[in-house]
Amino acid sequence: MAGYNGSVFSLGAWRSPVARIVRDDEVPGSNPGAPTIHLLPTLRSSCFDAKGRHPMDELYYQSAVSMVEALRRREISSRELTEAHLARIEEVNPAINAVVLLDAEGALATADERDRESAKDESRGPLHGLPITIKDSLETAGMVTVAGTQGRAGVVPEYDATVVARLKEAGAVLMGKSNTPELTMTWESSNFVYGRTNNPYDLSRSPSGSSGGAGAIVAAGGSPLDMGTDSAGSIRMPAHYCGIAGLKPTQGRVSRAGHVPPHGMGATGPLNQVGPMARFVEDLWLALPVISGVDGRDPALVPMPLSGPESVDLSGLRCVYFTAIGDVVPDPATVKAVEDAAQVLRESGAEVREGEVPGMAKVSALCDRVSAADGFAWLRRQLEKAGTKKVDPVLVLRMTRAKPIPSAELMDILEQLDGIRGEMVAFMEGCDLVLSPTGSAAALPHGEANQDDYPDAIYTRPYNLTGWPGCVVRAGTSPEGLPIGVQLGAISWREDIVLAAATTVESVLGGWKPSTLLP
């Protein structure tokens, strides 16, 4: 493990420039009752080197697996690891605005507790002492959960979302919340409460949405692990734009309980899944067993066995890949990334052929019609429930344009989608793995992904319809130096296949790379 393999860090007088959360009425000139969260410095570093770097720089770029192993061996304490990440957040967050709520004091107190447990040879689980962040659409007990909408500014949930509770039970240290668009409903991670998140590889570009804050802070080294949510590509597209790894698990694998908006959303509810985002594929597998399983809260959960990627032999695996789909043709750099990944799988023994998955090209447009079938009355109800008065203009435009459709028309659309599910399942009788672009190009400039002609959900949304697992890993770089991720999908419950394939692609093509733009 580069940076501290086999060694013990001695930080001496070094302390991270962490922050504490304060109320508006504690800040001079602030408006009492306003939703702004202020972060005030409480500690300062005293041993930076001449270049302004600190002893932990290489550590926060390591995998979560490596970090928890170092914690287990007591090569580093949870406090030291948490301080390093808090320092990194303060270093990069002014540029990318990815972490929107930071509880440094709470995180350090939890880290100290984990260290006391470790000193007694006690461990809470596989994430013992690991600092993490959580997307702000997942409820966190005692910590504000805004979900990007003004009406929820200051709302403090009483209970944790199931995934948050399970991460804590496994020993994770929660540092704060990552940004998301209003009610997770747009492809740009921007809202009226916390503002806009920028892409770590080009600040003029988007990290995508709705898990863009998670993608950005993980890519920047501020967190080794975050939890995203995905109803059309919201884990996978930010992973692609930010050059990290992201997994949308099988529908029914991971609980959606405690998500805002809630999972009981009629025809659109089953499309949403919760999953891990990390710099390395191995970290997705570290987190997946922790967050999986029935919870008595989400009725869609299925108690299915979970196999790891180490059980998969790529030799003889049947893989179909494609680049263009429908009217969408990706740019040359994206085509190259997919073809390079296909060659890696071929050289690993997989039987790789070019082809297309029947019906896949029709899914996104049909799902758009289902989502707006009631004229977005469901979205209006969620905004009213939150008490939001100032709404994202993108959502206002959608609600203004949408008109309710007759029930007969809705039933026809649902029948078409059921037919496509059947076609896709039948296709997978002769296929184990599907490889494709995640999007038609690398990260777009701010604002472009929310335009009406944004095409890229055509690649990601079919996996939400079928409920199949989909994993993204970096496999290339655009001429502008931006990451390009490829998408790997398989039939339901075969996360082991997509993780094994993603691991192989990552090992050969390099996977995540640090941004040269950030300090």
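### Thoughts on the overall build of the protein
Secondary structure assignment for the protein yields 14 helices and 15 strands. Partitioning the contacts of the protein with sequence separation of at least 6, the portion at a separation of at least 24 is 77%. Summed over all atoms, the accessible surface of the protein reaches about 19,300 Å², with 52% contributed by carbon and sulfur.

### Details of the pattern of salt bridges
For the coordinates displayed, the defined rule picks out 25 salt bridges. For arginine 256, the salt bridge goes to aspartate 298, with nearest N and O atoms at 2.8 Å. In this pair, arginine 256 sits in the loop between strand S9 (245–248) and strand S10 (273–278) while aspartate 298 sits in the loop between helix H7 (281–291) and strand S11 (318–321), placing the two residues 42 residues apart along the sequence. Using a relative accessible area of 6% as the deciding quantity, one classes aspartate 298 as buried. Across the pair arginine 461 and aspartate 368 runs a salt bridge, and its minimum N-O distance is 2.5 Å. Placement of arginine 461 in helix H13 (residues 457–466) and of aspartate 368 in helix H9 (residues 363–371) is noted, with a sequence separation of 93 residues between them.

### Quick look at the sheet that holds strand S12 (residues 351–354)
Overall, mixed pairing links the eight strands, which are arranged S8-S10-S9-S14-S15-S13-S11-S12 in an open sheet. Unpaired on one side and paired on the other, strand S8 (225–230) and S12 mark the two borders of the sheet. When the angles between neighbouring strand axes are averaged without regard to direction, this sheet yields 25°. Of the pairings in the sheet, the one linking S8 to S10 comprises six bridges and is antiparallel in character. Across the sheet, methionine 227 pairs through a bridge with proline 276, a residue of S10.

### A few points about the nonpolar core
By size, the foremost hydrophobic cluster in this structure holds 111 residues, and its most contacted members are Leu127, Leu167, Leu345, Leu433, Leu435, Val486 and Leu488. Apart from residues lying up to four places away in sequence, leucine 433 is in contact with Leu317, Arg318, Cys319, Val320, Leu345, Met428, Leu488, Gly489, Ile497, Val498 and Ala501. Core analysis: the next-biggest nonpolar cluster, separate from the first, contains 23 residues, Val357, Val370, Leu417 and Val434 among them.

### Observations concerning the confidence of the model for the protein
Any residue range with low pLDDT should be treated as having predicted coordinates unsuitable for detailed reading. For the protein, mean pLDDT is 90; residues scoring 70 or higher make up 89% of the total. Segment residues 1–56 is flagged for pLDDT under 50; beyond a separation of four residues in sequence, or across chains, it makes 109 contacts in the model.

### A few points about the pairing of strand S4 (residues 131–135)
Residues in a regular strand point their side chains to alternate faces of the sheet. Among the five residues in S4, five count as buried, and that is most of the element. Side-chain alternation along S4 places Pro131, Thr133 and Lys135 on one buried face and Ile132 and Ile134 on a second face that is also buried. Sheet topology note: the S4/strand S5 (residues 173–178) ladder contains five bridges and is parallel. Bridging across to S5, lysine 135 finds its partner in serine 178. Regarding topology, helix H4 (residues 162–169) serves as the crossover connection from S4 to the parallel S5, and that connection is right-handed.

### Some words on helix H14 (residues 495–509)
Compared with the 21 Å implied by 1.5 Å per residue over 15 residues, the 21 Å span of H14 between its first and last C-alpha is a close match. Burial runs high along H14: 11 of the 15 residues are buried. Restricting attention to buried positions, one finds in H14 the residues Glu495, Asp496, Ile497, Val498, Leu499, Ala500, Ala501, Ala502, Thr504, Val505 and Glu506. Its buried side turned inward, H14 meets S9, H7, helix H8 (332–347), strand S13 (433–437), strand S14 (470–477) and strand S15 (483–489).

### What about the sheet that holds S4?
Ordered in space as S3-S5-S4, the three strands form an open sheet in which the pairing is mixed. With one partner strand each, in any of the chains shown, strand S3 (99–102) and S4 form the two edges of the open sheet. Between one strand axis and the next, the sheet turns through 40° on average, direction left out of account. Here helix H2 (residues 78–96) sits on the sheet and contacts S3, S4 and S5; the angle it forms with S5, its principal contact strand, is near 15°.

### Let's talk about the packing of aromatic side chains
Evaluation of the coordinates by the stated rule reveals seven aromatic pairs. Plain terms: the ring middles of phenylalanine 376 and tryptophan 378 are 6.2 Å apart, the flat faces sit at 55° to each other, and that makes the pair tilted. As far as burial versus exposure is concerned, phenylalanine 376 and tryptophan 378 are alike and both buried. Geometrically, the ring pair formed by tyrosine 463 and tryptophan 468 is edge-to-face, given 6.4 Å between the ring centres and 65° between the ring planes.

### What to know about the side chain of arginine 152
With respect to the secondary-structure elements, arginine 152 resides in the loop between S4 and H4. Looking at arginine 152, its side chain comes within polar contact range of the main-chain oxygen of threonine 145, at 3.0 Å. Apart from the residues within four sequence positions on either side, arginine 152 is in contact with Glu139, Thr145, Val146, Ala147, Val260 and Ala386.

### Here we look at the state of the cysteines
By the definition in use, this model includes zero disulfides. Residue cysteine 431 stays outside any disulfide, its sulfur separated by 6.5 Å from that of cysteine 319, the closest cysteine. Using a relative accessible area of 3% as the deciding quantity, one classes cysteine 431 as buried.

### A few points about the environment of threonine 197
With respect to the helices and strands, threonine 197 occurs in the loop between strand S7 (195–196) and helix H5 (212–219). Placed 17 residues apart in sequence, threonine 197 and alanine 214 show a C-alpha to C-alpha distance of 9.8 Å. Here threonine 197 is in contact with Ile96, Asn97, Ala98, Asn179, Ser189, Pro207, Gly212, Gly213, Ala216 and His446, once residues within four sequence places are set aside. Engagement of the side chain of threonine 197 in a polar contact is seen with the backbone oxygen of asparagine 97, the distance being 2.7 Å. In this structure the side chain of threonine 197 is engaged in a polar contact, spanning 3.0 Å, whose partner is the side chain of asparagine 179.

### Describing unusual backbone geometry
Across the junction of glycine 209 and serine 210, the peptide omega takes the value 5°, indicating a cis bond. Position of serine 210 relative to the elements: it lies in the loop between S7 and H5. The amide bond that connects valine 260 to the next residue, proline 261, takes the cis arrangement and shows omega of 0°. In this structure, proline 261 sits in the loop between S9 and S10. A positive phi is found at arginine 74, a non-glycine position, where the angle reads about 60°. Take arginine 74: it is sitting in the loop between helix H1 (64–72) and H2. Its identity as a non-glycine residue notwithstanding, serine 208 has a phi of 75°, on the positive side. With respect to the helices and strands, serine 208 occurs in the loop between S7 and H5.

Rules and cut-offs
Residues numbered from 1 in each chain as written. Predicted model: local features only at pLDDT ≥ 70, side-chain atom pairs only at ≥ 80, totals over all residues. Heavy atoms only, no water. Helix = DSSP H or I, 4+ residues; strand = E, 2+ residues; numbered from the N terminus. Contact = heavy atoms within 4.5 Å. Areas by Shrake-Rupley, 256 points an atom, 1.4 Å probe, with all protein chains shown as cover. Salt bridge = Lys/Arg side-chain N within 4 Å of Asp/Glu carboxyl O. Buried < 20%, exposed > 50% of the residue type's maximum accessible area, 1.4 Å probe, protein only. Pairing = 2+ DSSP bridges. Axes fitted to C-alpha atoms, helices over the stretch in contact; angles between N-to-C directions. Core = buried A, V, L, I, M, F, W, Y, C linked by side-chain atoms within 4.5 Å. pLDDT = per-residue confidence, 0-100. Right-handed = clockwise from strand over helix to strand, strands pointing away. Expected span 1.5 Å × (residues − 1). Phe/Tyr/Trp six-rings, centres within 6.5 Å; stacked < 30°, edge-to-face > 60°. Polar contact = N/O pair within 3.5 Å; in protein donor to acceptor, adjacent residues only side chain to side chain. Disulfide = S-S within 2.5 Å.

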